[in-house]
Amino acid sequence: MRTLKKMLAAFLAVSTAAVLFFGCSVSSVSNTSALPGDGIIKESVFESAKKDARILTFQGKSGEISYSWFFDGASISSPAAQNLKVDISDAGSDLGSAVVSSNRVKLHFHEQNLIQAKTSLKIDFPTLWGVQKVRIYRKTADAIQMLRESPLNNDKTSSVLLPMDSTMDDLYLAAVDSSFHEDAAQVVSSPSDKTGDPASAAANQSPEGTGSSEAEQKAAVSGAPAQNKGGASGKAKSKTGSPSGGNASSKASGKDRYLTDPTPPGKPKPVEPQDVKKNTKKAYYCTLSIDCKTILNNMDRLNKEKQSVMPPDGIIMKPRRALFYEGESVFDILLRETKKESIQMEYRATPMYNSNYIEGIHNLYEFDCGELSGWMYKVNGWYPNYGCSRYLLKDGDVVDWRFTCDLGRDVGCDWDVSKK
C-alpha cells in the first residue's frame, strides 16, 4: 500500500507540476510506470507520449536507492527504444583523492543515447544525508569534470533532481559536507560551468530568504502546478557538457534553451536571472496581490490540517504598491514583500527551467486542495509561459499570485486552449 501511495503521489506531482511551472501550454496527462527488469521501454511508448503530449514517469530501483525518470512527451524529438536502467553504487576509488566526501555515489547508465527530450532523473536515497547540496562530476580519460552543483532536498530522506542531456557517461554525486574537499589540480570545471551555464547558475543561486525547499521534490519535470511554463536546456549535446545541456530540436521548434515556447506577440520574453544586473539606484513600483479564493469553492477538498490557515475571504495580500529595483523579477518582489509582511513562503530552485518554483504561500501548498492545485502567477492579466525568476518587472506592472484548484482553469488560464 505504501508503494502504491508513492507511485500515485509521483503521478499527480508530475502532471500538476508541469502545468503549474509552465503555465498554459504543457503536456496535460501523465503516465507512471514501473521500469521492467531489463529497463527497456519500447519506442511505441515514446511515440504515443509525443502524439498525446503526455508526461512519462518511469520508476526503478538499484539496491536500496530508488530513481525516477521524467520525460515531457511534447518535447520528444525522435522517439526510440530506451534502456532506462541505472546502476547506483558507492563511487569507491573512482574519484580517488580528487573529491573527498562522506557520501559519494556512482550512476551507471545502461542507455548510451538518450532521446532528445525535456528529461530529468530524480534519485531518492533511503537515508538522510544531512547536507544542503551535492556536486555532480563526470570522469573522462583526461580529467574529472565538475559539471554543476545541485540542491539536495531533505525531508525524512534525501533526494536530488538531475536535468539530463543525451550524454550518458557515468555520473558521480558527492555530498558537500564538513569532510568535503575538491583537489583543484585534479578537478576541472566543465566549459558550461566556466561560461555561466544558466542551469548551473540556477542551481547555485541562493536568493535571500528561505532557501530551497526541504520538502520532497514532488514536481520532478519541474515545478508543480503552474509557474508557469519553462523547459529544459536546448544545448546540443557535448561529451564535455553538463547534464543540464541538451535538446538539439529546440531551434527547429522555436523554443529556447529551456524548451520554453515562443511568447505570444507583444508579451515580454523571458530573461536569464544570471545575466541580469540589478541597479538599486533605480527604483520603480508595481502592484502585488496574493489570493487563494478558489479554495473557498473547494473547501471539501482542502487538506483538513490547512483549514486553520485559510483566510476567510481568500485574500492573503490585498493589492498593494510595492517598490522594486531595475533588474528585479517577479520572484524578487514576491520574496521581499512576503518577508516584509511575515507571510510564509517556500520555494526551491529548479535548474532545469532556470527559475525558482513557489511551493507554498501562507502555508498553503501544491496539492493541498486536490491533485490539480498549486500556485500560479500572472502579470497584467497574462499568465507567462515561464518561471517567475525569468519575468523581468517593468514600472507599473500588476502582479497577481493565485492559487488554482484546477490546473489554472479556475483562474482564467486554460491550458487546453494554449498559445493564445
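Scroll up to find the structure.
I will try to describe carefully the structure that is included in this document. Since we're looking at a predicted model, the values are computed, not measured. (Residues numbered from 1 in each chain as written. Predicted model: local features only at pLDDT ≥ 70, side-chain atom pairs only at ≥ 80, totals over all residues. Heavy atoms only, no water.)

**Quick word on the pairing of strand 8 (residues 104-109)**
Consecutive side chains of a regular strand alternate in pointing toward one face of the sheet and then the other. Both strand 6 (residues 86-90) and strand 8 contribute to a ladder of five bridges, which runs antiparallel. Within the sheet, the bridge partner assigned to Ile88 lies in strand 8 and is Leu107. For strand 8 and strand 14 (residues 171-175), the ladder comprises four bridges, and the chain directions are antiparallel. For Val105, the partnering residue across the bridge sits in strand 14 and is Leu173. (Pairing = 2+ DSSP bridges. Helix = DSSP H or I, 4+ residues; strand = E, 2+ residues; numbered from the N terminus.)

**Comments concerning the sheet that holds strand 20 (residues 355-361)**
If you walk across this open sheet you meet the three strands as 19-20-21, and the pairing is antiparallel. Each of the sheet's edge strands pairs with one partner strand only, and the pair in question is strand 19 (345-350) and strand 21 (364-365). Sheet analysis places strand 20 next to strand 21, joined by two bridges and oriented antiparallel. When the bridges of strand 21 are listed, Gly360 appears paired with Tyr365. Sheet strands touched by helix 6 (residues 330-340): strand 19 and strand 20. Its angle to strand 19, the strand with the most contacts, is close to 150°. (Contact = heavy atoms within 4.5 Å. Axes fitted to C-alpha atoms, helices over the stretch in contact; angles between N-to-C directions.)

**Examining helix 6**
Every α-helix carries 3.6 residues per turn, so stepping three or four residues along brings you back to the same face. Buried residues dominate helix 6, accounting for eight of its eleven residues. Taken as a whole, helix 6 has its buried residues at Val330, Phe331, Asp332, Ile333, Leu334, Leu335, Glu337 and Thr338. At its buried positions, helix 6 is contacted by strand 17 (279-291), strand 18 (315-326), strand 19, strand 20, strand 22 (374-379) and strand 23 (398-404). At the exit of helix 6 stands Ser342, carrying a positive phi of roughly 55°. (Buried < 20%, exposed > 50% of the residue type's maximum accessible area, 1.4 Å probe, protein only.)

**Description of the sheet that holds strand 11 (residues 144-151)**
Strand order across the open sheet formed by six strands is 6-8-14-10-11-16, with mixed pairing between neighbours. Either end of the sheet is taken by a strand with one partner, and the two such strands are strand 6 and strand 16 (187-189). If you compare each strand with its neighbour and ignore which way they point, the axes differ by 30° on average.

**What about the side chain of Arg104?**
Turning to its location among the elements, Arg104 is positioned in strand 8. Buried Arg104, no salt bridge; nearest opposite-charge side chain is Asp90, N-O distance 5.8 Å. Only 2.5 Å separates the side chain of Arg104 from the backbone oxygen of Val99, close enough to count as a polar contact. Ignoring sequence-local partners within four residues, the contact set of Arg104 consists of Ser89, Asp90, Ala91, Gly92, Leu95, Gly96, Val99, Leu173 and Ala174. (Lys, Arg positive; Asp, Glu negative; His and termini not counted. Salt bridge = Lys/Arg side-chain N within 4 Å of Asp/Glu carboxyl O. Polar contact = N/O pair within 3.5 Å; in protein donor to acceptor, adjacent residues only side chain to side chain.)

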